[in-house]
Amino acid sequence: MSGGPVLPLLALLAALAGCATSANPDPLEPVNRPVQAFNDFADRVLIHPLAQGYQALTPDPVERGVARFFRNLGELTSASNQLLQGKPLLAVNDLGRFLLNSTLGLAGFFDPASELGLRPHREDFGQTLGVWGVPQGPYLVLPFRGPSTLRDIAGGFSDQWTLLPLEIDHVPSRNSLFAFQILTLRAQAPTSRGQQADPYALLRDSYLRRRQTFLEDQENVPPALPP
(Lines give C-alpha, C1' and ligand atoms only; values in the text may rest on other atoms or scores of the structure.)
Protein backbone atom coordinates (compact mmCIF):
# COMPACT_ATOMS: atom_id res chain seq x y z
CA MET A 1 0.00 0.00 0.00
CA SER A 2 1.58 3.23 -1.10
CA GLY A 3 1.52 6.20 1.24
CA GLY A 4 2.35 8.76 -1.44
CA PRO A 5 -1.13 10.14 -2.14
CA VAL A 6 -2.21 9.70 1.47
CA LEU A 7 0.30 12.02 3.15
CA PRO A 8 -0.99 15.28 1.63
CA LEU A 9 -4.53 14.16 2.35
CA LEU A 10 -3.62 13.57 5.98
CA ALA A 11 -2.15 17.06 6.15
CA LEU A 12 -5.36 18.48 4.67
CA LEU A 13 -7.41 16.42 7.11
CA ALA A 14 -5.43 17.73 10.06
CA ALA A 15 -5.93 21.30 8.83
CA LEU A 16 -9.68 20.89 8.37
CA ALA A 17 -10.43 18.71 11.39
CA GLY A 18 -11.36 21.76 13.42
CA CYS A 19 -14.16 22.56 10.99
CA ALA A 20 -16.42 19.98 12.62
CA THR A 21 -16.74 21.00 16.24
CA SER A 22 -19.18 19.89 18.90
CA ALA A 23 -20.98 23.20 18.44
CA ASN A 24 -21.31 22.68 14.69
CA PRO A 25 -20.72 19.02 13.76
CA ASP A 26 -21.92 19.57 10.18
CA PRO A 27 -20.40 22.82 8.86
CA LEU A 28 -20.90 21.76 5.22
CA GLU A 29 -24.64 21.17 5.57
CA PRO A 30 -25.58 23.98 3.13
CA VAL A 31 -23.57 22.17 0.43
CA ASN A 32 -24.40 18.64 1.51
CA ARG A 33 -28.18 19.00 1.33
CA PRO A 34 -28.36 19.88 -2.40
CA VAL A 35 -25.93 17.06 -3.20
CA GLN A 36 -28.08 14.58 -1.28
CA ALA A 37 -31.16 15.86 -3.11
CA PHE A 38 -29.36 15.21 -6.40
CA ASN A 39 -28.34 11.71 -5.26
CA ASP A 40 -31.92 10.93 -4.23
CA PHE A 41 -33.17 12.08 -7.63
CA ALA A 42 -30.53 10.04 -9.51
CA ASP A 43 -31.39 6.97 -7.45
CA ARG A 44 -35.12 7.40 -8.01
CA VAL A 45 -35.01 7.91 -11.78
CA LEU A 46 -31.95 5.84 -12.78
CA ILE A 47 -30.05 3.66 -10.31
CA HIS A 48 -32.93 2.06 -8.43
CA PRO A 49 -34.94 1.24 -11.61
CA LEU A 50 -31.82 -0.34 -13.13
CA ALA A 51 -31.25 -2.35 -9.94
CA GLN A 52 -34.86 -3.53 -9.99
CA GLY A 53 -34.47 -4.63 -13.61
CA TYR A 54 -31.29 -6.48 -12.73
CA GLN A 55 -33.05 -8.30 -9.89
CA ALA A 56 -36.00 -9.21 -12.10
CA LEU A 57 -33.83 -10.62 -14.89
CA THR A 58 -31.17 -12.38 -12.78
CA PRO A 59 -31.87 -15.75 -11.11
CA ASP A 60 -31.43 -15.52 -7.34
CA PRO A 61 -28.47 -17.98 -7.17
CA VAL A 62 -26.61 -15.97 -9.82
CA GLU A 63 -27.40 -12.69 -8.06
CA ARG A 64 -26.05 -14.05 -4.77
CA GLY A 65 -22.95 -15.38 -6.53
CA VAL A 66 -22.24 -11.99 -8.10
CA ALA A 67 -22.63 -10.30 -4.71
CA ARG A 68 -20.14 -12.78 -3.22
CA PHE A 69 -17.76 -12.13 -6.13
CA PHE A 70 -17.67 -8.40 -5.41
CA ARG A 71 -17.34 -8.99 -1.67
CA ASN A 72 -14.35 -11.22 -2.38
CA LEU A 73 -12.64 -8.36 -4.24
CA GLY A 74 -12.64 -6.41 -0.97
CA GLU A 75 -10.92 -9.11 1.08
CA LEU A 76 -7.43 -7.82 0.23
CA THR A 77 -8.42 -4.35 1.39
CA SER A 78 -9.70 -5.78 4.67
CA ALA A 79 -6.59 -7.93 5.15
CA SER A 80 -4.15 -5.06 4.57
CA ASN A 81 -6.02 -2.77 6.95
CA GLN A 82 -6.25 -5.47 9.62
CA LEU A 83 -2.46 -5.62 9.46
CA LEU A 84 -2.11 -1.83 9.66
CA GLN A 85 -4.41 -1.81 12.70
CA GLY A 86 -2.21 -4.33 14.51
CA LYS A 87 -4.49 -7.34 14.04
CA PRO A 88 -2.29 -9.87 12.24
CA LEU A 89 -4.48 -12.90 13.01
CA LEU A 90 -7.50 -11.24 11.41
CA ALA A 91 -5.30 -10.20 8.48
CA VAL A 92 -4.34 -13.85 7.96
CA ASN A 93 -8.04 -14.79 8.26
CA ASP A 94 -9.09 -12.34 5.56
CA LEU A 95 -6.18 -13.21 3.28
CA GLY A 96 -7.10 -16.87 3.70
CA ARG A 97 -10.69 -16.06 2.76
CA PHE A 98 -9.51 -14.37 -0.42
CA LEU A 99 -7.24 -17.25 -1.44
CA LEU A 100 -9.83 -19.94 -0.73
CA ASN A 101 -12.76 -18.17 -2.32
CA SER A 102 -10.73 -17.06 -5.33
CA THR A 103 -9.72 -20.65 -6.07
CA LEU A 104 -12.10 -23.22 -4.61
CA GLY A 105 -14.89 -20.64 -4.67
CA LEU A 106 -14.45 -19.90 -8.38
CA ALA A 107 -13.36 -16.25 -8.13
CA GLY A 108 -15.60 -15.70 -5.14
CA PHE A 109 -18.91 -16.80 -6.62
CA PHE A 110 -19.02 -19.35 -3.78
CA ASP A 111 -17.88 -18.96 -0.17
CA PRO A 112 -16.12 -22.13 1.03
CA ALA A 113 -14.07 -20.01 3.46
CA SER A 114 -17.14 -19.36 5.62
CA GLU A 115 -17.94 -23.07 5.63
CA LEU A 116 -14.42 -23.66 7.01
CA GLY A 117 -14.98 -21.13 9.80
CA LEU A 118 -13.16 -18.11 8.33
CA ARG A 119 -15.54 -15.26 9.08
CA PRO A 120 -15.72 -12.20 6.81
CA HIS A 121 -14.80 -8.73 8.06
CA ARG A 122 -15.02 -5.27 6.65
CA GLU A 123 -12.05 -2.95 7.13
CA ASP A 124 -10.90 0.07 5.17
CA PHE A 125 -8.21 2.71 5.50
CA GLY A 126 -10.70 5.26 6.79
CA GLN A 127 -11.17 2.97 9.80
CA THR A 128 -7.42 2.51 10.05
CA LEU A 129 -6.93 6.29 10.21
CA GLY A 130 -9.52 6.41 12.98
CA VAL A 131 -7.66 3.70 14.90
CA TRP A 132 -4.50 5.75 14.52
CA GLY A 133 -6.28 8.72 16.10
CA VAL A 134 -6.87 10.83 12.99
CA PRO A 135 -10.04 12.93 13.47
CA GLN A 136 -12.90 12.29 11.08
CA GLY A 137 -13.18 15.86 9.86
CA PRO A 138 -16.41 17.33 8.47
CA TYR A 139 -19.26 15.20 7.16
CA LEU A 140 -19.49 15.25 3.36
CA VAL A 141 -22.06 14.05 0.83
CA LEU A 142 -20.47 13.17 -2.51
CA PRO A 143 -22.33 12.94 -5.84
CA PHE A 144 -23.40 9.33 -6.51
CA ARG A 145 -21.23 7.99 -3.68
CA GLY A 146 -23.27 9.52 -0.86
CA PRO A 147 -22.26 9.98 2.81
CA SER A 148 -18.62 10.24 3.77
CA THR A 149 -16.20 12.21 5.91
CA LEU A 150 -12.89 13.82 5.06
CA ARG A 151 -11.11 10.96 6.83
CA ASP A 152 -13.00 8.34 4.83
CA ILE A 153 -12.23 10.14 1.56
CA ALA A 154 -8.52 10.09 2.42
CA GLY A 155 -8.87 6.41 3.28
CA GLY A 156 -10.56 5.68 -0.02
CA PHE A 157 -7.60 7.07 -1.97
CA SER A 158 -5.29 4.66 -0.17
CA ASP A 159 -7.63 1.66 -0.44
CA GLN A 160 -7.65 1.97 -4.22
CA TRP A 161 -4.16 0.44 -4.26
CA THR A 162 -5.64 -2.85 -3.05
CA LEU A 163 -8.59 -2.92 -5.45
CA LEU A 164 -8.02 -5.55 -8.13
CA PRO A 165 -10.37 -3.97 -10.74
CA LEU A 166 -7.99 -1.02 -10.95
CA GLU A 167 -5.39 -3.42 -12.39
CA ILE A 168 -7.54 -3.81 -15.52
CA ASP A 169 -5.84 -1.78 -18.26
CA HIS A 170 -8.87 -1.68 -20.57
CA VAL A 171 -10.69 1.43 -19.32
CA PRO A 172 -14.20 0.60 -20.65
CA SER A 173 -14.01 -2.86 -19.05
CA ARG A 174 -12.80 -1.40 -15.76
CA ASN A 175 -15.52 1.24 -15.68
CA SER A 176 -18.16 -1.33 -16.62
CA LEU A 177 -17.07 -3.54 -13.74
CA PHE A 178 -17.33 -0.67 -11.26
CA ALA A 179 -20.75 0.32 -12.63
CA PHE A 180 -21.95 -3.26 -12.31
CA GLN A 181 -20.66 -3.35 -8.73
CA ILE A 182 -22.67 -0.22 -7.90
CA LEU A 183 -25.75 -1.82 -9.46
CA THR A 184 -25.22 -5.00 -7.43
CA LEU A 185 -24.80 -3.07 -4.18
CA ARG A 186 -27.95 -1.05 -4.90
CA ALA A 187 -29.90 -4.24 -5.56
CA GLN A 188 -28.94 -5.49 -2.08
CA ALA A 189 -29.71 -2.20 -0.32
CA PRO A 190 -33.13 -1.57 1.21
CA THR A 191 -35.32 1.19 -0.19
CA SER A 192 -37.12 3.53 2.15
CA ARG A 193 -39.02 6.46 0.73
CA GLY A 194 -41.31 7.09 3.67
CA GLN A 195 -42.15 10.46 5.08
CA GLN A 196 -39.20 11.03 7.40
CA ALA A 197 -39.09 14.31 9.26
CA ASP A 198 -35.59 15.06 7.94
CA PRO A 199 -34.08 12.43 5.61
CA TYR A 200 -30.79 14.34 5.47
CA ALA A 201 -30.26 14.33 9.23
CA LEU A 202 -31.37 10.71 9.44
CA LEU A 203 -28.82 9.58 6.85
CA ARG A 204 -26.03 11.71 8.34
CA ASP A 205 -26.56 10.47 11.89
CA SER A 206 -26.92 6.86 10.74
CA TYR A 207 -23.70 7.00 8.72
CA LEU A 208 -21.61 8.63 11.45
CA ARG A 209 -22.98 6.25 14.07
CA ARG A 210 -22.22 3.23 11.89
CA ARG A 211 -18.67 4.38 11.20
CA GLN A 212 -18.07 4.94 14.91
CA THR A 213 -19.42 1.46 15.61
CA PHE A 214 -16.94 0.04 13.09
CA LEU A 215 -14.10 1.75 14.95
CA GLU A 216 -15.21 0.33 18.27
CA ASP A 217 -16.10 -3.13 16.97
CA GLN A 218 -12.99 -5.22 16.43
CA GLU A 219 -14.91 -7.78 14.37
CA ASN A 220 -16.69 -5.56 11.84
CA VAL A 221 -18.60 -8.50 10.39
CA PRO A 222 -20.67 -7.45 7.35
CA PRO A 223 -24.24 -8.70 6.90
CA ALA A 224 -24.34 -12.33 5.85
CA LEU A 225 -25.29 -13.14 2.27
CA PRO A 226 -27.94 -15.80 1.71
CA PRO A 227 -26.55 -19.26 0.86
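The shown structure was predicted, so the numbers you read here are calculated from the model rather than taken from an experiment. Per-chain numbering applies: the sequence of each chain, read as written, is numbered from 1 onward. The model is predicted, so local features are restricted to residues of pLDDT at least 70 and side-chain atom pairs to those at 80 or more, both for listing and for counting; the totals for chains, interfaces and linings are taken over all residues. Values reported for side chains reflect all heavy atoms of the structure, with hydrogen atoms and water molecules removed beforehand.

## Structural notes on the packing of helix α2 (residues 29-57) against helix α10 (residues 199-216)
Axis lines are fitted to C-alpha atoms, over the contacting stretch for helices. Their N-to-C directions set the angle, which ranges from 0 to 180 degrees. Runs of E in the DSSP output that reach at least two residues are strands. Runs of H or I that reach at least four are helices, and both are numbered from the N terminus. At their nearest, the axes of α2 and α10 sit 11 Å apart, and the two run at 105 degrees to each other. Here α2 is positioned roughly perpendicular relative to α10, judged by the angle of their axes. Contact with α2, carried on its side by E29, N32, R33 and Q36, involves P199, Y200, L203 and R204 of α10 and no other residues of that element. Under the grouping applied here, Gly and all other residues not named as nonpolar or charged are polar, the nonpolar ones being Ala, Val, Leu, Ile, Met, Phe, Trp, Tyr, Cys and Pro and the charged ones Asp, Glu, Lys and Arg. Residue classes in the contact of α2 with α10 are distributed as 3 nonpolar, 2 polar and 3 charged. Roughly parallel means an angle under 35 degrees; roughly antiparallel, over 145; roughly perpendicular, 65 to 115; everything else is oblique. Any pair of residues with heavy atoms lying within 4.5 Å of one another is described as a contacting pair.

## Let's talk about helix α8 (residues 150-159)
Here's how the labels work: a residue is buried when its accessible area is under 20% of the maximum for its type, exposed when over 50%, partly exposed in between, all with a 1.4 Å probe on protein chains only. Within α8, 8 of the 10 residues are buried, which leaves it mostly tucked inside the rest of the structure. Listed in full, the buried residues belonging to α8 are L150, R151, D152, I153, A154, G155, S158 and D159.

## Focus on the confidence of the model for the protein
Looking at the protein as a whole, its pLDDT mean stands at 85, while 81% of the residues score no less than 70. Confidence scores labelled pLDDT are given residue by residue by the predictor and lie between 0 and 100. A low-confidence stretch, residues 1-5 (pLDDT under 50), is modelled with 10 contacts involving residues beyond four sequence positions or located in other chains.

## Here we look at a nonpolar patch on the surface
Patch membership needs two things, relative accessible area over 30% and no salt bridge, and members are linked within 9 Å if like-charged or within 5 Å if nonpolar (Val, Leu, Ile, Met, Phe, Trp, Tyr). Residue burial considers only the protein chains on display, and all accessible areas are found by Shrake-Rupley using a 1.4 Å probe. Here a salt bridge means any side-chain nitrogen of Lys or Arg lying within 4 Å of a carboxyl oxygen belonging to Asp or Glu. The grouping of F41, V45, L46 and L50 at the surface amounts to a nonpolar patch, some 380 Å² of accessible area in total. As for its position among the elements, V45 is in helix α2. Relative accessible area serves as the criterion here: at 46%, V45 is assigned to the partly exposed category.

## Observations regarding the pattern of salt bridges
For the structure on display, the rule yields 10 salt bridges. A salt bridge links R33 to D198, with the nearest nitrogen and oxygen atoms 2.9 Å apart. Linking R33 in helix α2 with D198 in the loop between α9 (171-188) and α10, this pair joins segments that are 165 residues apart in sequence. Residue R33 is classed as partly exposed on the basis of its relative accessible area of 32%. Relative accessible area serves as the criterion here: at 27%, D198 is assigned to the partly exposed category. Measuring nitrogen to oxygen at the nearest pair gives 2.8 Å for the salt bridge that ties R97 to E75. In this pair, R97 sits in helix α5 (residues 88-103) while E75 sits in helix α4 (residues 75-84), placing the two residues 22 residues apart along the sequence. Like R97, the residue E75 is buried in the burial classification. Here the residues in one salt-bridge network are D26, R204 and D205, joined through shared partners.

## Side note on the pairing of strand β2 (residues 146-149)
We call two strands paired when DSSP finds no fewer than two bridges between them. Relative to β2, strand β1 (residues 139-142) runs antiparallel, the two sharing 4 bridges. By the bridge assignment for β2, L140 is matched with S148. The hairpin turn running from β1 into β2, its antiparallel successor, is 3 residues long, and F144 in that turn takes a positive phi close to 70 degrees.

## Examining the environment of L118
Note on placement: L118 falls in the loop between α6 (112-115) and α7 (125-131). C-alpha separation for the pair L118 and G96, spaced 22 residues apart in sequence, amounts to 7.7 Å.

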